[in-house]
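Architecture and fold: a report
Letter by letter, the chains look like this.
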Amino acid sequence: MSMASDPRCLWDVKATLGEGALWDAARRQVWFVDIKGRRIHRCDEDGGAQRSWDAPSQVGFVAPLEGGGMVCGLEDGLYRFVEATGEFAPLVKVEADLPGNRFNDGHVDAKGRLWFGSMDNGEEAATGVLYRFDGAQVASMDAGYIITNGPAFSPDGRTLYHTDTLAKRIYAFHLTPNGALESKRTFIELDAPGHPDGMAVDAEGHLWVATFGGWRIDRFDPQGKKVGEVRFPCSNITKLAFGGADLRTVHVTTARKGLSEEQLKEQPLAGGLFTFRSETPGLAQHLLRM
């Protein structure tokens, strides 16, 4: 039995830095962002009903709110995105005093808390921080990253995975019931081509890792052993999300960032939104509680 079907491009959106693939189960829609293009994108599961909105600054991620709507990370904090009007309403300032930083990736845990990371926009300084937002307050949970990515959670909610992209390392933390992080350990050190980027966990507890510059998504078992991969026709794979009625339809963002004109000719679908079918279902997307 194959691990997955071959990926196909669902929306040739040509994102400079596509990121943040998200499945909205209530409306059967896919959301994602183009960080460098400063845009939020949304489409149906089959790629139809495509719609895009301009953001006022680089937008790192979108996260679904309990009761409807989205929260996103702009350069100076968290905002509520109003789809009907395209308005970005401020929620809480985060790193507004660090203009060289931006936000990069986020995910909601089973208790409705948002975990998200910041990074140096120049990709040189270790100014990145992993944050937790409980709907009221933002707390710094880990620091010392140049580029943060992930995060993702085990099916039982007890393990948080987080990526140190430039170090090519994925950490695992014990996540306590009250939202504290303990026992940080190296879970994976990637020695293959490419850098680990966004992640998702399937129902069997396997971690799927997008690789920027690696042309693939890797699948690792709960012990950190690679057990499969999905190859793509473009090199910069950034994030994946399980969706569809059976949580086996995977949507994947990619990027054109860093590719030369010659490479773009060889990778005409770079920056597109891709999809494939997985033999293993993923986990349901949780909603942020405010």
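Preceding block: the structure.
Heads up: these notes are all about the structure in this document. Given the structure is predicted, the values throughout are model-derived calculations rather than measurements.

1. Some thoughts on the overall build of the protein chain
Counting its secondary structure elements, the protein chain contains 1 helix and 24 strands. By the compact-globule yardstick of 19 Å for 290 residues, the protein chain fits well, its C-alpha radius of gyration being 17 Å. Reported as C-alpha extents along the three principal axes, the dimensions of the protein chain are approximately 45 × 45 × 40 Å. Counting all 290 residues of the protein chain, 56% fall into the buried class. In the protein chain, of all internal contacts separated by at least 6 residues, the share reaching a separation of at least 24 is 48%. When the accessible area of the protein chain is evaluated, it comes to approximately 11,500 Å², of which 48% is carbon and sulfur surface. Averaging the positions of the 32 positive and the 39 negative side-chain charges in the protein chain gives two centres separated by 2 Å.

2. A few points about the sheet that holds strand β10 (residues 101-108)
Adjacent strands of a sheet form backbone hydrogen bonds with each other and so pair up, either parallel or antiparallel. Judged by pairing direction, the sheet is antiparallel, and its 4 strands sit side by side in the order β10-β11-β12-β13 without closing on themselves. Both outer strands of the open sheet, β10 and β13 (138-145), are each paired with one neighbouring strand and no more. The mean inter-strand angle of the sheet, taken between neighbouring strand axes irrespective of direction, is 20°. Pairing of strand β12 (residues 128-133) with β13 involves 6 bridges; the strand directions are antiparallel. Within the sheet, the bridge partner assigned to Val-129 lies in β13 and is Ala-143.

3. Points about the sheet that holds strand β3 (residues 29-34)
The strand order across the open sheet formed by 4 strands is β2-β3-β4-β5, and the pairing between neighbours is antiparallel. In the strand order of this sheet, the two ends are held by β2 (18-24) and β5 (51-54), each with one partner. Within the sheet, the average angular offset between the axes of one strand and its neighbour, ignoring direction, is 20°. Pairing of strand β4 (residues 39-44) with β5, which is carried by 4 bridges, proceeds in the antiparallel orientation. Pairing of Arg-42 across the sheet is with Arg-51, part of β5.

4. Thoughts on unusual backbone geometry
The step from Gly-150 to Pro-151 runs through a cis peptide bond, and the omega angle for that step is -20°. With respect to the helices, strands and loops of the structure, Pro-151 is situated in strand β14 (residues 148-153). The backbone phi angle of Arg-38 is positive, close to 55°, even though this residue is not glycine. Here Arg-38 is to be found in the loop between β3 and β4. In the Ramachandran plot, Glu-123 falls in the positive-phi region, its phi being about 60° despite a non-glycine side chain. Turning to its location among the elements, Glu-123 is positioned in the loop between β11 (114-120) and β12.

5. So, the environment of Asp-97
Locating Asp-97 in the fold gives a position in the loop between β9 (87-93) and β10. Residue Asp-97 is classed as exposed on the basis of its relative accessible area, which comes to 63%. Between the alpha carbons of Asp-97 and Asp-76 there is a distance of 7.9 Å; along the sequence they are 21 residues apart.

6. Topic: the nonpolar core
Counting residues in each nonpolar core, the largest one holds 19 residues, and the members touching the most others are Trp-208, Ile-217, Val-230, Phe-232, Leu-240, Val-252 and Phe-276. Those elements that provide at least two residues to this core are β19 (207-212), β22 (237-243), β23 (249-254) and β24 (273-277). The leading source of residues in this core is β22, at 3 residues. Residues within four places of Phe-232 in sequence aside, it is in contact with Pro-7, Trp-215, Arg-216, Ile-217, Ile-237, Val-252, Phe-274 and Phe-276. Trp-31, Ile-40, Leu-74 and Ala-255 belong to the second-largest nonpolar core, a separate cluster that totals 17 residues.

7. Quick notes on the packing of aromatic side chains
Scanning all chains against the criterion turns up 15 aromatic pairs. Seen from their ring centres, Tyr-145 and Tyr-171 are 6.3 Å apart, and the 80° between their planes marks the pair as edge-to-face. Taken as a pair, Tyr-145 in strand β13 and Tyr-171 in strand β16 (residues 169-175) lie far apart in primary sequence, 26 residues in all. The same class applies to Tyr-145 as to Tyr-171, namely buried. Taken together through their ring pairs, the aromatic side chains of Trp-208, Phe-232, Phe-242, Phe-274 and Phe-276 make up a single cluster.

Rules of the game
Residues numbered from 1 in each chain as written. Predicted model: local features only at pLDDT ≥ 70, side-chain atom pairs only at ≥ 80, totals over all residues. Heavy atoms only, no water. Helix = DSSP H or I, 4+ residues; strand = E, 2+ residues; numbered from the N terminus. Rg over C-alpha atoms; globule rule 2.2 N^0.38 Å. Buried < 20%, exposed > 50% of the residue type's maximum accessible area, 1.4 Å probe, protein only. Contact = heavy atoms within 4.5 Å. Areas by Shrake-Rupley, 256 points an atom, 1.4 Å probe, with all protein chains shown as cover. Lys, Arg positive; Asp, Glu negative; His and termini not counted. Charge placed at Lys NZ, Arg CZ, Asp CG, Glu CD. Pairing = 2+ DSSP bridges. Axes fitted to C-alpha atoms, helices over the stretch in contact; angles between N-to-C directions. Core = buried A, V, L, I, M, F, W, Y, C linked by side-chain atoms within 4.5 Å. Phe/Tyr/Trp six-rings, centres within 6.5 Å; stacked < 30°, edge-to-face > 60°.

Scope: geometric values only; no functional claims are made or implied.
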